[in-house]
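A closer look at the structure
Listed below are the residues making up each chain.
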Amino acid sequence: DFTRRQIESMRPLIVNVVRQTLADIEADEIDAVRQISIRIPMKVICRLIGIPESDWLKLETWTADFLKIFMPHIATVDELEAVNGASRNFIEYFSDLIERKRANPGNDLTSAMARLEGTAGNLGRIEIVGALRGLLTAGFETTAATLSATVLAYARYPAEFDKIRNGSVSVSHAIEELLRWESPVQAVVRHAGHDFSLHGLSVAAGTPIMALIGAANHDPEHFGRDAGDINFSRRNVDHLSFGGGRHFCLGAFLARMEIQVFLEEILASWDSVHVDEQKISRRPQFQFRSINTLPAQITRAGGFIPLAQHKKAL
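So, here is what we can say about the structure in this document. (Residues numbered from 1 in each chain as written. Predicted model: local features only at pLDDT ≥ 70, side-chain atom pairs only at ≥ 80, totals over all residues. Heavy atoms only, no water.)

**As for the overall build of the protein**
Per the secondary structure count, the protein includes 14 helices and nine strands. Against the globule reference of 20 Å for 314 residues, the protein gives a C-alpha radius of gyration of 21 Å, in line with a compact fold. In terms of overall dimensions, the protein has a C-alpha envelope of 60 × 55 × 40 Å along the principal axes. Across the 314 residues in the protein, those meeting the buried criterion constitute 46%. (Helix = DSSP H or I, 4+ residues; strand = E, 2+ residues; numbered from the N terminus. Rg over C-alpha atoms; globule rule 2.2 N^0.38 Å. Buried < 20%, exposed > 50% of the residue type's maximum accessible area, 1.4 Å probe, protein only.)

Have a look at this one:
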């Protein structure tokens, strides 16, 4: 259940995951992707699904291989085999997990699905495995991308983050600007539902279309000349990062919750962030071009304190 109420009930878990992840950082020089961005959403989505912690690392590896499926035309033979291997691994793993949860159910999504499997009007094994794989890969990769972008934005635009601290902009509004600025999914393939014309080009029904979400979210005619920059005072932040209509992201509420908690916690515990721009690397594909390496140096504020108290201290 990914309703707003259900996700709100997960706030204590997410706060605990974020705080523990940040507390585990001992040095001030870190790779924000490996030490933060990957760990937080992986812990959250795995606990939601009911995946044991001992399995998290291999699922993270399979996810990285599986995502190459979205760019098959530039993948090597070895990379395509890695996609197939990851797909087989997911099918075997989640089939086994369903059996384990059927025998020993818990308070998690897989247990709930296992109870419903095969009953009238509910999903079969193949559909459940596909749903769990989709929830894991989508719920982990995209949120990790936005958390990395948040750290980078903090380093590049510290004055904008001060607007959150002094209360001139809300955390929720800042989150939407972050999602607009760095779209976790840069492009999607859709098919025209009917004949239409766009900028003088005729498009027939059924034609595959590559919709560039990242470009749309940076459209200067819609967002202004500074669309390529973070501006938390921007009034119009109606981005397309979560899609729309029947394609609206199932995990949008969960992603916003994770980003919100993360943003509040780093503002309360870090005074500043410096990023070595020359050492930043990204995934070599335009659809999922998330940051792959993000060397950062953090200046701590002296420990974790609630954001409300941090504001009073300022």
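Now, onward.
**A short note on the environment of H247**
Relative to the helices and strands, H247 resides in the loop between α12 (220-223) and α13 (252-269). In sequence terms H247 and E53 are 194 residues apart; their C-alpha atoms lie 31 Å from each other. In this structure H247 touches R190 and F242, once residues within four positions along its chain are discounted. (Contact = heavy atoms within 4.5 Å.)

**Describing the pattern of salt bridges**
For the structure shown, the criterion picks out 21 salt bridges. With its nearest N and O atoms 3.6 Å apart, the salt bridge here joins D55 to K58. Under the relative-accessibility criterion, D55 is labelled buried at 10%. What makes K58 partly exposed here is its relative accessible area of 37%. (Salt bridge = Lys/Arg side-chain N within 4 Å of Asp/Glu carboxyl O.)

**Quick look at the layout of surface pockets**
Of the pockets and cavities examined, the largest pocket occupies roughly 1,000 Å³. Forming the boundary of the largest pocket are 42 residues, of which A138, T142, V185, H247 and C249 lie nearest the centre. Listing elements by their share of the lining of the largest pocket, those giving two or more residues are α8 (125-156), β2 (187-191), β5 (208-212), α11 (213-216) and α13. Considering every element that reaches the lining of the largest pocket, the biggest residue donor is α8, with 10 residues. (1 Å grid on protein atoms, 1.4 Å probe; cavity = no way out; pocket = protein on both sides within 12 Å on 5 of 7 lines; lining within 4 Å. Points joined across faces, edges and corners; volume = space filled by probe spheres on them.)

**Here's the deal with the nonpolar core**
One finds I51, F94 and L136 to be the most contacted residues of the largest nonpolar core, which totals 76 residues. When sequence neighbours within four positions are dropped, the list of residues in contact with I51 reads C46, W56, L59, Y93, F94, L97 and L136. (Core = buried A, V, L, I, M, F, W, Y, C linked by side-chain atoms within 4.5 Å.)

**Thoughts on a nonpolar patch on the surface**
Among the surface-exposed residues, V189, M210, L212 and F286 lie close enough to one another that they form a single nonpolar patch of about 350 Å² accessible area. When you line up the elements, F286 lands in the loop between β7 (281-282) and β8 (291-293). A relative accessible area of 38% places F286 in the partly exposed class. (Patch = residues over 30% accessible without salt bridge, like charges linked within 9 Å, V, L, I, M, F, W, Y side chains within 5 Å. Areas by Shrake-Rupley, 256 points an atom, 1.4 Å probe, with all protein chains shown as cover.)

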